[in-house]
Amino acid sequence: MSKGVVIVAGSADGGAASLVQALLARGSPPTVVEPSWLAGARWTHALDTSGRAATTIGLPDGRWIRDGEVGAVLCRAPAVPQPRFARSPAADRDYASAELGALVVSWLRGLGDRVVNDVDGISPVGPSWAPWRALDEARQAGLPVAPSLVATSGRLVPGFRGSPYDARRPFATAPREIVDRVVVVGSRAYGGPAADLGPACVRLAERARCRVLEVGFSLGDDGRLEAGWVSAVPALTEPPELGAVADLLERISSGHAVAGTR
């Protein structure tokens, strides 16, 4: 028996809105949760002696999310805002955001394979990789990667040109324009470069423990595509990838194993 699909996404997330429409057209209406609602929700979150979490969330609009009724969760909100602390000192806002973020991640972690992308203890959408770490993982997965340089100060960079003030500041090469993309869903890749670069993108998704992942590509000096960034929150602008994500959520919520990344 299928259980419910939960999508955590902001109102400005066009990809999430398109996905919701795709699921509605299939007769699988999801529960859509604004990230800020989680800050105003009533939470019951308990850990047993084995570390297993059990969670019940009462949303401000009266709906309830109970672990036993959740079939699949797609979280597309990298952070959960704290509107109640908007006028608080910065230190209090940061503390409240960290505590709520930890609670959200613990809830997702407790749902196990029902969550589309594995959470690693910090990020609710996937791995907490810095941009340089993501590109290093892409390189290890077999993707060509755009060259980049990061330094604690400009004076450490050979041939640096800039003012004495800029020489003391952290330095990073400017990212190149993204001209194409590949979206991994499960064990399949979608997008223009998928035929050539798709297998390596799938390997990267496996390294990230993500069932949904996007890789953006820029043009290198030789005219070939190079990975420029990695995101666990794809834009979802094309019908094939939207349909694939909708299929994935329905399969997970029905209790079917999904090959590929988890």
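Residues numbered from 1 in each chain as written. Predicted model: local features only at pLDDT ≥ 70, side-chain atom pairs only at ≥ 80, totals over all residues. Heavy atoms only, no water.

**Digging into the packing of aromatic side chains**
Here is step 1: Per the counting criterion, the structure on display carries one aromatic pair.
Here is step 2: Ring centres 6.1 Å apart and planes at 85° place the aromatic pair tryptophan 43 and tryptophan 107 in the edge-to-face group. Remark: tryptophan 107 occurs in helix α3 (residues 90–110) and tryptophan 43 occurs in strand β3 (residues 42–47); sequence separation between them is 64 residues. (Phe/Tyr/Trp six-rings, centres within 6.5 Å; stacked < 30°, edge-to-face > 60°. Helix = DSSP H or I, 4+ residues; strand = E, 2+ residues; numbered from the N terminus.)

**Re the nonpolar core**
Here is step 1: Among the nonpolar cores identified, the biggest contains 47 residues, and Leu38, Trp107 and Leu143 are the most heavily contacted of them.
Here is step 2: Of all the elements in the fold, those that place two or more residues in this core are β1 (4–8), α2 (35–39), β6 (70–75), α3, α4 (131–140), β9 (178–185), α6 (194–208) and β11 (212–219).
Here is step 3: Here the element with the most residues in this core is α6; it accounts for seven residues.
Here is step 4: Other than its neighbours up to four places away in sequence, leucine 38 contacts Val8, Val33, Trp43, Ile57, Leu59, Val80, Leu100 and Val104.
Here is step 5: Formed by 22 residues, the second largest nonpolar core is a distinct cluster that contains Val20, Val183, Tyr190 and Ala246. (Core = buried A, V, L, I, M, F, W, Y, C linked by side-chain atoms within 4.5 Å. Buried < 20%, exposed > 50% of the residue type's maximum accessible area, 1.4 Å probe, protein only. Contact = heavy atoms within 4.5 Å.)

**Some thoughts on the confidence of the model for the protein chain**
Here is step 1: Here the protein chain averages 90 in pLDDT, while 97% of its residues score no lower than 70.
Here is step 2: The lowest-confidence element of the protein chain is strand β8 (residues 171–172), averaging 77 in pLDDT; the highest-confidence one is strand β10 (residues 188–190), averaging 97. (pLDDT = per-residue confidence, 0-100.)

**So, the packing of helix α1 (residues 14–25) against helix α7 (residues 239–253)**
Here is step 1: At their nearest, the axes of α1 and α7 sit 10 Å apart, and the two run at 65° to each other. Taken as a pair, α1 and α7 cross one another with a handedness that is right-handed. From α1, Gly15, Ser18, Leu19 and Leu23 reach across to α7, where they touch Leu242, Val245, Ala246, Leu249 and Glu250.
Here is step 2: Across the contact of α1 with α7, the residue classes break down as six nonpolar, two polar and one charged. (Axes fitted to C-alpha atoms, helices over the stretch in contact; angles between N-to-C directions. Left-handed = near helix turned anticlockwise from the far one by under 90°. Nonpolar A, V, L, I, M, F, W, Y, C, P; charged D, E, K, R; others polar.)

**Considerations on α6**
Here is step 1: Given a rise of 1.5 Å per residue, 15 residues ought to cover 21 Å, yet the end C-alpha atoms of α6 are separated by just 18 Å, more than 12% below that figure.
Here is step 2: Residues Ala194, Leu197, Gly198, Ala200, Cys201, Val202, Leu204, Ala205 and Ala208 constitute the buried set of α6.
Here is step 3: Summarising the contacts, the buried residues of α6 are in contact with α4, β9, β10, β11 and β12 (225–231).
Here is step 4: In the segment just after α6, arginine 209 is the residue with positive phi, at about 55°. (Expected span 1.5 Å × (residues − 1).)

**Some points on the side chain of glutamate 214**
Here is step 1: With respect to the secondary-structure elements, glutamate 214 resides in strand β11.
Here is step 2: On the accessibility criterion, glutamate 214 (3% relative accessible area) is buried.
Here is step 3: Within the structure, the side chain of glutamate 214 is placed 2.4 Å from the side chain of arginine 181, a separation counted as a polar contact.
Here is step 4: Look past the residues within four positions of glutamate 214 in its chain and what remains in contact with it is Arg181, Val182, Val183, Trp229, Val230, Ser231, Val233, Pro234 and Ala235. (Polar contact = N/O pair within 3.5 Å; in protein donor to acceptor, adjacent residues only side chain to side chain.)

**Re the side chain of arginine 211**
Here is step 1: With respect to the secondary-structure elements, arginine 211 resides in the loop between α6 and β11.
Here is step 2: Here arginine 211 is buried and forms no salt bridge, its nearest opposite-charge partner aspartate 113 lying at an N-O distance of 5.2 Å.
Here is step 3: Within polar-contact distance, the side chain of arginine 211 engages the backbone oxygen of aspartate 113 at 2.4 Å. (Lys, Arg positive; Asp, Glu negative; His and termini not counted. Salt bridge = Lys/Arg side-chain N within 4 Å of Asp/Glu carboxyl O.)

**Details of the sheet that holds strand β4 (residues 53–58)**
Here is step 1: Within the open sheet, the three strands sit side by side as β3-β4-β5. Their pairing is antiparallel. Among the strands making up the open sheet, the edge pair consists of β3 and β5 (64–66). Averaged over neighbouring strand pairs, the angle between their axes works out to 5° when direction is ignored.
Here is step 2: As judged from the six bridges shared by β3 and β4, these two strands associate in the antiparallel manner. Looking at β4, one finds that alanine 46 is bridged to alanine 54.
Here is step 3: Relative to the sheet, α3 contacts β3, β4 and β5, its axis offset from that of β3 by approximately 60°. (Pairing = 2+ DSSP bridges.)

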